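Examination of the molecular architecture
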Amino acid sequence: MTDYAQEQEMEIEALEAILMDEFKEIHSSESGLNTSNRCFQITITPQEDDEESTYSSVRLALIFSHTEKYPDEPPLLNVSSLKGIQSGDLKILKEKLEQEAVENLGMAMIYTLVTSAKDWLSERFAEETGAEDAEDDEAKKEEVIVPHGEPVTIDTFLAWRERFEAELALERAKLMPDSALNAPKEKKLTGRQWFESGRASGKAAAAIAEESDEDEDDIDFDDDDFEDDEEDMLEHYLAEKTDSSSHS
C-alpha cells in the first residue's frame, strides 16, 4: 500500500533543498485554492541564458497543495502574477500545467511543473522582447540618412579634377584658331594680341571683347595660368557634388 503522506513529505523536503528562498509555505487562505491542507508557493522567473541576462519585468508564483492520493492524482494548482504578467497569460499557463500534471501521474511532479513554467515564461517573454527589439531596429533604420551620390575621396577628386581641366582646355581651344594652338609655346598670342590683330571673328571675338572690357590685364592661354589652387578646386568639386545630390 502506497504511503502518500510520506511521499509528499519527501517531495517537500527535496523542493526546499533545491529551490531554497524561492520555496515557502503559505496559509491556505492566501493560496486561492479550495483546500485546508498545507499550501506552498514557488517563485518563478524566466530561464536566463547567462548571468548578465535579466528578466526583471516578469515574475510569477506557482502555488500548489497535495491532494490525498498525490502523486496518483494531480495536485491542486494555481498561478499568480508577482510582476508584469497579464491574467490571460496566467490562464494559459495554468491550463498547460494542469495538463502536464495529468500526464505525469504516479510520480512526484512538482519540480517538473516548475521547470515547465520557467521554460514557458522564458519563451513567452523572450518572443515579446525580440519583437520589441525588431521594432527598435526598424525605427533606427528609418532614422538613418542615406547619402546620395558618390562619396568624396582623394581618388574621386583627382579623377574629377582631370575631367575638369580637360573640359576647361577644350573650352579655351574653341576660342583659338588652329594656328595659335600649333604655334610654339613662346610665340603663342595673348588674347589681347589675337583680338587686336583683327583675326578674331564671330562668337570668339565677342567673348574676348567682353573679357577685355571687364579686365584690362592680358589674357595668356598658357596652361600654367589656368591652374587653380587645389583647395579652391575641392570646394568647387564639393559644391558641384552637393548640387548634383540635391537634384537626384
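What you see is a predicted model, and the numbers here were worked out from it, not measured in a lab. (Residues numbered from 1 in each chain as written. Predicted model: local features only at pLDDT ≥ 70, side-chain atom pairs only at ≥ 80, totals over all residues. Heavy atoms only, no water.)

Overview of the overall build of the protein
A tally of helices and strands in the protein yields nine helices and four strands. Starting at the N terminus and walking to the C terminus, you meet the elements of the protein as α-β-α-β-β-β-α-α-α-α-α-α-α. With 248 residues in all, the protein has 29% of them scored as buried. Surface summary for the protein: the accessible area is close to 16,800 Å², and the carbon and sulfur share equals 48%. (Helix = DSSP H or I, 4+ residues; strand = E, 2+ residues; numbered from the N terminus. Buried < 20%, exposed > 50% of the residue type's maximum accessible area, 1.4 Å probe, protein only. Areas by Shrake-Rupley, 256 points an atom, 1.4 Å probe, with all protein chains shown as cover.)

Digging into the environment of Ser81
In this structure, Ser81 sits in strand β4 (residues 76–83). Ser81 gets classed as partly exposed once you look at its relative accessible area, which sits at 31%. In the structure, Ser81 is positioned 23 residues away from Val58 in sequence and 8.1 Å away in space, judged by C-alpha atoms. With residues up to four places along the chain from it excluded, the contact list for Ser81 reads Arg59, Leu60 and Leu90. Polar contacts involving the side chain of Ser81 include one to the main-chain amide nitrogen of Lys83, which spans 3.4 Å. At 3.2 Å, the side chain of Ser81 forms a polar contact with the backbone nitrogen of Ile85. (Contact = heavy atoms within 4.5 Å. Polar contact = N/O pair within 3.5 Å; in protein donor to acceptor, adjacent residues only side chain to side chain.)

Observations concerning the sheet that holds β4
Taking strand neighbours across the sheet as the criterion, the four strands line up as β1-β2-β3-β4 in an open arrangement whose pairing is antiparallel. For this open sheet the edge positions go to β1 (23–26) and β4, each flanked by a neighbour on one side alone. Direction aside, neighbouring strands of the sheet carry axes that sit 25° apart on average. Relative to β4, strand β3 (residues 59–65) runs antiparallel, the two sharing seven bridges. (Pairing = 2+ DSSP bridges. Axes fitted to C-alpha atoms, helices over the stretch in contact; angles between N-to-C directions.)

Describing the packing of aromatic side chains
Any pair of aromatic rings gets described here by the distance separating the centres and the angle formed by the planes. What the rule picks out here adds up to three aromatic pairs. When the ring of Phe23 is compared with that of Phe40, the centres are 5.4 Å apart and the planes differ by 20°; the resulting orientation is stacked. Residue Phe23 is located in strand β1, and its partner Phe40 is located in strand β2 (residues 39–44); the two are separated by 17 residues in the primary sequence. Geometrically, the ring pair formed by Phe23 and Phe64 is tilted, given 6.4 Å between the ring centres and 40° between the ring planes. With Phe23 in strand β1 and Phe64 in strand β3, this pair connects stretches of sequence that are 41 residues apart. (Phe/Tyr/Trp six-rings, centres within 6.5 Å; stacked < 30°, edge-to-face > 60°.)

Description of the side chain of Ser122
Locating Ser122 in the fold gives a position in helix α4 (residues 110–143). Given the relative accessible area of 10%, Ser122 is considered buried. A distance of 2.9 Å separates the side chain of Ser122 from the backbone oxygen of Lys118, its partner in a polar contact. Discounting residues that sit within four places of it in the chain, Ser122 has contacts with Pro46 and Gln47.

Observations regarding helix α3 (residues 87–103)
Under the 1.5 Å per step criterion, the end-to-end length of α3 is 25 Å for 17 residues, consistent within 8% with the ideal 24 Å. Along α3, the residues that are buried comprise Asp89, Leu90, Leu93, Leu97, Glu100 and Ala101. Down the axis, α3 shows its buried residues gathered within 105° of arc, on one side only. Among the exposed residues of α3, those pointing more than 90 degrees away from its buried face are Ser87, Lys91 and Glu103. (Expected span 1.5 Å × (residues − 1). Arc of directions from axis to C-beta.)

By themselves, these are just geometric observations and shouldn't be taken as functional.
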